[in-house]
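Structural overview for review
Single-letter residue listing:
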Amino acid sequence: MAQSTLDTMPGASTGTVVVNEPLNFWAGKRVKPREEKNAEPVFEPATGRVLCQMVPCGEQEVDEAIKSAHAAYLKWSKMSGMERARVMLEAARIIRERREKIAKLEVINNGKSITEALVDIDIAWQTIEYYAGMAGTLAGQHVQLPGGAFAYTRREPLGVCVGIGAWNYPFQIASWKSAPALACGNAMVFKPSPMTPVTAVILAEIYKEAGVPDGLFCVVQGGAETGTLLCQHPMVAKVSFTGSVPTGKKVMEMSSKTVKQVTLELGGKSPLIIFKDCDLENAVKGALMANFLTQGQVCCNGTRVYVQKEIMPQFLAEVVKRTKAIPVGDPLLDGTRMGALISKPQLDKVLGFVKQAKEQGAKVLCGGEPLVPSDPKLKGGYFMSPCVLDSCRDDMTCVKEEIFGPVMSVLPFDTEEEVLKRANNTTFGLASGVFTRDISRAHRVAANLEAGTCFINNYNISPVEVPFGGYKMSGFGRENGQVTIEYYSQLKTVVVEMGDVDSLF
Ligand SMILES: NC(=O)C1=CN([C@@H]2O[C@H](COP(=O)(O)OP(=O)(O)OC[C@H]3O[C@@H](n4cnc5c(N)ncnc54)[C@H](O)[C@@H]3O)[C@@H](O)[C@H]2O)C=CC1
Ligand SMILES: C[N+](C)(C)CCCC(=O)O
């Protein structure tokens, strides 16, 4: 019964799926909304059809979920790291076994191509596997003190952590947040974006099947109001948030009231710098990877593409040729490389950015138009043709603001010194990239870019072993890599006296 949506996936095609099961999950099972009155329709981006209803959780439901998570935390945190690891490895195995079905459901809700969704699901189980591997290694330090006294530190969990996700990587974000949280002995209550509510609950079912205590990973549905309830709840120790800068600021402010720890993964407007001594074919491929994954709706995209003047004509010719050749259409077909944007308002917003760019003097070399695929079932979908903008200047809106759509802005530059200054002239600092064959230049540029990640001669690969997160207004804290353990645990120092108390009084 619990698996029924997933079980319909093998035969499912675009335009056919309806999700009727409850999408909340706590105390070890799916939970029906208390009342349906604030239900919001959720759309299938490729068709514009209603996929399901998202009913936001109210105060009482949020409270129930948090209490069930707390009860699970009391059991889970007492288990050894190796015991937790075994359960997490089983969860990773189940995800791997069901990767195609989960990816298909993700596509139907999100609109991205099946090829990309499969990669997302693979990254998800790898994250859980990676942190399972670390669960048994968590340890403190032993420190010798004078007179035979000593101290030791214990790495302890925080308690109930909240995860709040964006709509661009629904299942992957839920895994990126829950895996390190659970490895450290915490419980998590996760709220997906109201636009992509259907796959987080699948993750909750899988954790349950793998053997976590009931309540350890809960899912509550809702938007800003439900998110606010989570950030204000006194039993929550930490909030890990992925989303926009304005919402991130609110999350931080609300969390400050009860001094909750916060991780913020926010937006970006990342620079990709292409020097004339690069391998041009790889640089072009890198620029496409930096701009067009998930219809360009990726926080770390390299959307300001700085190209050294001497190679600009060759670069543009090749990038435009390849952009025009991207197959846009039914995201469930294997040959498709770009699907639909998340919503009609998002599509209109992105097209509005292209219009404004033209008004400000940018030249559209290709795309930037609404697209209606020939398949009649896709005519209500939110498709557009991927766009390359030339003749851009640093002061244009398309170069300054995050577009979150398939729009690449190309800018010429002369020298390394100049381009570094221009690249860093932004309040964001999530990622960056550089293409060059000069090894010294590559590392010098990486060292001077103000961003949490710098890709050298590639872009947008995200192995789970390496930390991911922002500088400046792109946020703080990290996801992935060993360091994330620090963001989901706290150190207790235990000081042990072996002699008499040397009292001053
Ligand atoms: N750095 C990163 O890892 C990523 C950042 N993003 C950023 O997210 C944005 C797009 O995602 P959206 O979902 O539109 O962002 P958003 O900020 O509108 O929403 C993100 C999440 O926060 C929730 N939320 C909204 N108001 C809230 C409140 N007052 N209190 C608590 N939670 C609240 C939403 O329901 C959603 O789950 C882009 O700006 C993008 O750059 C997106 C993906 C990854
Ligand atoms: C997987 N990757 C690197 C393309 C994007 C991950 C960050 C995000 O959630 O937008």
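Residues numbered from 1 in each chain as written. Chains lettered and ligands numbered in written order. Predicted model: local features only at pLDDT ≥ 70, side-chain atom pairs only at ≥ 80, totals over all residues.

**A short note on the overall build of the protein**
- Looking only at helices and strands, one finds 16 helices and 20 strands in the protein.
- For the protein, the C-alpha radius of gyration of 24 Å lies close to 23 Å, the compact-globule estimate for 505 residues.
- Split into buried and exposed, the 505 residues of the protein put 51% on the buried side.
- Considering only residue pairs separated by 6 or more positions, the protein has 72% of its internal contacts joining residues 24 or more positions apart. (Helix = DSSP H or I, 4+ residues; strand = E, 2+ residues; numbered from the N terminus. Rg over C-alpha atoms; globule rule 2.2 N^0.38 Å. Buried ≥ 20, exposed ≤ 12 C-beta atoms within 10 Å, placed from the backbone. Contact = placed C-beta atoms within 7 Å.)

**Some details on the pairing of strand β6 (residues 150-157)**
- Judged from the 3 bridges that link them, strand β5 (residues 142-144) and β6 form a sheet pairing that is antiparallel. Considered in β6, the bridge of Gln144 is made with Phe150.
- Hairpin connection from β5 to β6: 5 residues lie between these consecutive antiparallel strands, with Gly147 at a positive phi of about 70°.
- Of the pairings in the sheet, the one linking β6 to strand β20 (residues 489-496) comprises 8 bridges and is antiparallel in character. From the neighbouring strand, Pro157 faces β20, where its bridge partner is Ser489. (Pairing = 2+ DSSP bridges.)

**Looking at the UniProt feature "active site" (unreviewed entry) in the protein**
- UniProt's entry tags Glu265 with the feature "active site" (unreviewed entry), counted in the numbering of this structure.
- Secondary-structure assignment places Glu265 in strand β11 (residues 261-265).
- Residues in contact with Glu265, not counting those within four places in the same chain, are Phe241, Thr242, Cys299, Gly469, Gly470, Gly475 and Glu479. (UniProt positions renumbered as here; feature names shortened; annotations may be inferred.)

**Considering the sheet that holds β5**
- Taken in spatial order, the 3 strands line up as β5-β6-β20 in an open sheet, and their pairing is antiparallel. Among the strands making up the open sheet, the edge pair consists of β5 and β20. Each strand of the sheet is rotated relative to its neighbour by a mean of 20°, with strand direction disregarded. (Axes fitted to C-alpha atoms, helices over the stretch in contact; angles between N-to-C directions.)

**What about the site of ligand 2?**
- Neighbouring ligand 2 are the residues Asn168, Tyr169, Ile173, Leu293, Val298, Cys299, Cys300, Asn460 and Ser462.
- Residues belonging to the shell around ligand 2 are distributed by class as follows: 6 nonpolar, 3 polar and no charged. (Near = placed C-beta within 6 Å. Nonpolar A, V, L, I, M, F, W, Y, C, P; charged D, E, K, R; others polar.)

**Side note on the UniProt feature "domain: Aldehyde dehydrogenase" (unreviewed entry) in the protein**
- On the UniProt side, "domain: Aldehyde dehydrogenase" (unreviewed entry) is annotated at positions that read residues 38-494 here.
- Taken end to end, residues 38-494 has its terminal C-alpha atoms 50 Å apart, with 40% of it in helix and 18% in strand.

**A closer look at the packing of helix α10 (residues 280-292) against helix α11 (residues 312-324)**
- Two elements in contact, α10 and α11, have axes whose closest approach is 10 Å; the angle formed by their N-to-C orientations is 50°. Regarding the angle of α10 to α11, the classification is oblique. α10 and α11 meet at a crossing whose hand is right-handed. Contacts from Leu280, Ala283, Val284, Ala287 and Leu288 of α10 reach α11 at Gln314, Phe315, Glu318, Val319, Arg322 and Thr323. (Parallel < 35°, antiparallel > 145°, perpendicular 65-115°, else oblique. Left-handed = near helix turned anticlockwise from the far one by under 90°.)

**Digging into the nonpolar core**
- With 155 residues, the main nonpolar core has Ala69, Val189, Cys218 and Ile274 as its most contacted residues.
- No other element matches the 10 residues that helix α5 (residues 114-135) contributes to this core.
- Beyond its immediate stretch of four places on either side in the chain, Cys218 contacts Phe25, Trp26, Ala65, Ser68, Ala69, Val189, Phe190 and Ala204. (Core = buried A, V, L, I, M, F, W, Y, C linked by C-beta atoms within 7 Å.)

**So, unusual backbone geometry**
- One non-glycine residue, Ser391, lies in the positive phi region at around 60°.
- Counting through the fold element by element, Ser391 comes out in the loop between β15 (387-390) and α13 (397-400).
- When the 16 C-beta atoms within 10 Å are taken as the criterion, Ser391 is described as partly exposed.
- Its identity as a non-glycine residue notwithstanding, Asn480 has a phi of 70°, on the positive side.

**Regarding the site of ligand 1**
- Around ligand 1 sit 26 residues in total, of which Gly227, Gly243, Thr247, Gly267 and Cys299 are the nearest.
- Secondary structure elements with two or more residues in the shell around ligand 1: α8 (224-232) and α9 (245-256).
- Residue contributions to the shell around ligand 1 peak at 4 residues, all from α8.
- The class makeup of the residues in the shell around ligand 1 is 11 nonpolar, 11 polar and 4 charged.

**A look at the sheet that holds β15**
- Judged by pairing direction, the sheet is mixed, and its 7 strands sit side by side in the order β14-β15-β16-β13-β12-β17-β18 without closing on themselves. Each edge of the sheet is formed by a strand with only one pairing partner; in this case those strands are β14 (363-366) and β18 (455-456).
- Relative to β15, β14 runs antiparallel, the two being bridged by 3 bridges. By the bridge assignment for β15, Cys366 is matched with Val388.
- Strand contacts of α10: β12 (271-274), β13 (304-308), β16 (407-413) and β17 (433-435), with the helix running at about 165° to β17, the strand carrying the most contacts.
- Contacting β14, β15 and β16, helix α12 (residues 344-359) runs over the sheet at an angle of about 30° to β16.

**Concerning the environment of Glu129**
- Within the secondary structure, Glu129 sits in helix α5.
- Owing to 19 C-beta atoms within 10 Å, Glu129 belongs among the partly exposed residues under this scheme.
- Those residues in contact with Glu129 that sit more than four places away from it in its chain are Leu89 and Ala92.

**A short note on the packing of α5 against helix α6 (residues 170-183)**
- Two elements in contact, α5 and α6, have axes whose closest approach is 9 Å; the angle formed by their N-to-C orientations is 5°. With respect to their mutual orientation, α5 and α6 come out roughly parallel. From α5, Asp120, Ile121, Ile123, Ala124, Thr127, Ile128, Tyr131, Ala132, Met134 and Ala135 reach across to α6, where they touch Phe171, Gln172, Ser175, Trp176, Ala179, Pro180 and Ala183.
- Class assignment of the residues belonging to the contact of α5 with α6 gives a composition of 13 nonpolar, 3 polar and 1 charged.

**Let's talk about α10**
- Helix length check: α10 (13 residues) gives 18 Å between terminal C-alpha atoms against 18 Å at 1.5 Å per residue, within 8%.
- Within α10, burial applies to Ala283, Val284, Gly286, Ala287, Leu288, Ala290, Asn291 and Phe292.
- Lining the buried residues of α10 we find β12, β13, α11, β16 and β17.
- Once α10 finishes, Thr294 follows within two positions and takes phi at roughly 50°, a positive value. (Expected span 1.5 Å × (residues − 1).)

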